[in-house]
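Structural overview for review
Given next are the chains, with one letter for each unit.
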Amino acid sequence: MARKSLRRKPEFTVRKTPFLVILGFMILGLIGISTGEPQRVLEQAIRVCLSCIGIG
């Protein structure tokens, strides 16, 4: 006679924290894009590169 296992399978639960963190970063990214931060970062990168090679 076969015995039935008395162990219960763990229930599938969705963790909410990773989704909230990703959502928060997406919101902050959109705020940064809307305020023009990518252009400022590129300007600073160009300035640093030009000064490294001795032009700026």
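I will try to describe carefully the structure that is included in this document. None of these values were measured; they are calculated from a predicted model.

According to the stated counting rule, one finds one salt bridge in the structure shown. Salt-bridge contacts for Arg8 lead to Glu11; the nearest nitrogen and oxygen are separated by 3.9 Å. The exposure classification of Arg8 matches that of Glu11, with both residues exposed.

All right, on to a nonpolar patch on the surface then. Judged by side-chain polarity, Leu20, Val21, Leu23, Phe25, Ile27, Leu28 and Ile31 come together as a nonpolar surface patch covering roughly 720 Å² of accessible area. Position of Leu28 among the secondary structure elements: in helix H1 (residues 17-34).

Conventions and cut-offs
- Residues numbered from 1 in each chain as written.
- Predicted model: local features only at pLDDT ≥ 70, side-chain atom pairs only at ≥ 80, totals over all residues.
- Heavy atoms only, no water.
- Salt bridge = Lys/Arg side-chain N within 4 Å of Asp/Glu carboxyl O.
- Buried < 20%, exposed > 50% of the residue type's maximum accessible area, 1.4 Å probe, protein only.
- Patch = residues over 30% accessible without salt bridge, like charges linked within 9 Å, V, L, I, M, F, W, Y side chains within 5 Å.
- Areas by Shrake-Rupley, 256 points an atom, 1.4 Å probe, with all protein chains shown as cover.
- Helix = DSSP H or I, 4+ residues; strand = E, 2+ residues; numbered from the N terminus.

So far we have only geometry, and geometry alone does not tell us how the molecule works.
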